[in-house]
Amino acid sequence: MSVQTNLTAIRNSLPATVTLVAVSKTHPVEAIQAAYEAGQRIFGENRPQEMAAKQSVLPSDIRWHMIGHLQTNKVRLIAPFVDMIHSVDSERLWQTIDREAARIGRTIDILLELHIAREESKHGWNGEELTAWLDTDTYREFTHTRVRGLMGMASYVDDRDQISEEFRGLKALFDHLRQTRFGSEFDTLSMGMSGDYRIAVDCGSTMVRIGSSIFGSRSYPIDSQQ
């Protein structure tokens, strides 16, 4: 099926309260243009170089979301145009993004990435360590980033109960931080991908990141380093 047909099917499966990020990583600009022409404006990439290259040739009103692990030395590549960074998984990265945003006179929206899966390979804060660090109030010094919410990836398993448990745990932390720390601007809970987004939506997700169900399977480059 075409990108447009797939995109329409995904949109029709989502509540109006859930934002779709079309994950375009490794896909050519022609596929992104097809999705754009079907009305999609938010696209997710996981490699700064690839995102910057695509941004330079695609329509200027696309909102680019960085969803992959981001190294501090690559922040400068995307800081001038990135709409949101989902994968802020350390104080050092957060500080770097804030510094780059200040340097160019921007405020960049970010999500704090939580490690909710039982797999060790996933990046992200531990919930307890994040809460403890926020209690220091150090983050209030970062005046050129706006914390919009949380992001997390569930375990890659067939056990729906386990996936649901992981997502519900993230939703509970989201609600807690919204009430005790960040207030109404803390409005984005990014969880759910092609294989588990329906579960994520049932658990309170406000943003889903879907790639293969829109663009088809990906051909991964040999060098997957950020």
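Higher on the page you've got the structure.
Residues numbered from 1 in each chain as written. Predicted model: local features only at pLDDT ≥ 70, side-chain atom pairs only at ≥ 80, totals over all residues. Heavy atoms only, no water.

## Considerations on the pairing of strand β4 (residues 84-88)
And step 1. Burial of β4 is extensive: five of the five residues sit out of reach of the surface.
And step 2. With two bridges joining them, strand β3 (residues 63-66) and β4 adopt parallel strand pairing. Following the sheet pairing, histidine 65 is matched in β4 by methionine 84.
And step 3. Direction of pairing for β4 relative to strand β5 (residues 108-114): parallel, over a ladder of three bridges. Considered in β5, the bridge of valine 88 is made with leucine 112.
And step 4. At this point the chain moves from β4, through helix α5 (residues 91-104), to the parallel β5, and the crossover so formed is right-handed. (Buried < 20%, exposed > 50% of the residue type's maximum accessible area, 1.4 Å probe, protein only. Helix = DSSP H or I, 4+ residues; strand = E, 2+ residues; numbered from the N terminus. Pairing = 2+ DSSP bridges. Right-handed = clockwise from strand over helix to strand, strands pointing away.)

## Quick notes on the packing of aromatic side chains
And step 1. One pass over the structure, following the stated rule, counts nine aromatic pairs.
And step 2. Ring pairs connect the aromatic residues Trp94, Trp125, Trp133, Tyr139, Phe142, Phe174, Phe182 and Phe186, which therefore count as one cluster.
And step 3. The ring of tyrosine 36 carries the charged tip of arginine 41 above its face, separated from the ring centre by 3.6 Å. (Phe/Tyr/Trp six-rings, centres within 6.5 Å; stacked < 30°, edge-to-face > 60°. Lys NZ or Arg CZ within 6 Å of the ring centre and 35° of its normal.)

## Examining unusual backbone geometry
And step 1. Although it is not a glycine, threonine 26 sits at a positive phi angle of roughly 70°.
And step 2. Summarising the element assignment, threonine 26 is placed in the loop between β1 (19-23) and α2 (29-37).
And step 3. One non-glycine residue, aspartate 137, adopts positive backbone phi at about 65°.
And step 4. Here aspartate 137 shows up in the loop between α6 (127-134) and β6 (145-152).
And step 5. We classify aspartate 137 as partly exposed; its relative accessible area is 33%.

## What to know about the environment of phenylalanine 215
And step 1. With respect to the helices and strands, phenylalanine 215 occurs in helix α9 (residues 212-215).
And step 2. Owing to a relative accessible area of 12%, phenylalanine 215 belongs among the buried residues under this scheme.

## Quick notes on the packing of helix α1 (residues 3-12) against α2
And step 1. Two numbers describe how α1 lies on α2: the axes approach to 9 Å, and their chain directions differ by 50°. Classified by the interaxial angle, the pair formed by α1 and α2 is oblique. Two packed elements cross with a definite hand, and for α1 against α2 that hand is right-handed. Residues Val3, Gln4 and Leu7 of α1 pack against Ala31, Ala34 and Ala35 of α2.
And step 2. Its residues placed into classes, the contact of α1 with α2 shows five nonpolar, one polar and no charged. (Axes fitted to C-alpha atoms, helices over the stretch in contact; angles between N-to-C directions. Parallel < 35°, antiparallel > 145°, perpendicular 65-115°, else oblique. Left-handed = near helix turned anticlockwise from the far one by under 90°. Contact = heavy atoms within 4.5 Å. Nonpolar A, V, L, I, M, F, W, Y, C, P; charged D, E, K, R; others polar.)

## Let's talk about the pairing of strand β8 (residues 207-210)
And step 1. Every second residue of β8 is oriented toward a common face, with Met207 and Arg209 on one face and Val208 and Ile210 on the other, all of them buried.
And step 2. In this structure, β1 lies alongside β8, joined through four bridges in parallel fashion. Pairing of leucine 20 across the sheet is with valine 208, part of β8.

## As for the pattern of salt bridges
And step 1. Applying the stated rule across the entire model yields 16 salt bridges.
And step 2. Aspartate 135 is the partner of arginine 181 in a salt bridge, and the nearest nitrogen-oxygen pair spans 2.9 Å. Of this pair, arginine 181 sits in helix α7 (residues 160-182) while aspartate 135 sits in the loop between α6 and β6, and the two are 46 residues apart along the sequence.
And step 3. Here arginine 181 and aspartate 137 are joined by a salt bridge, their closest N and O atoms 2.6 Å apart. (Salt bridge = Lys/Arg side-chain N within 4 Å of Asp/Glu carboxyl O.)

In short, shape yes, function no, at least from these values alone.
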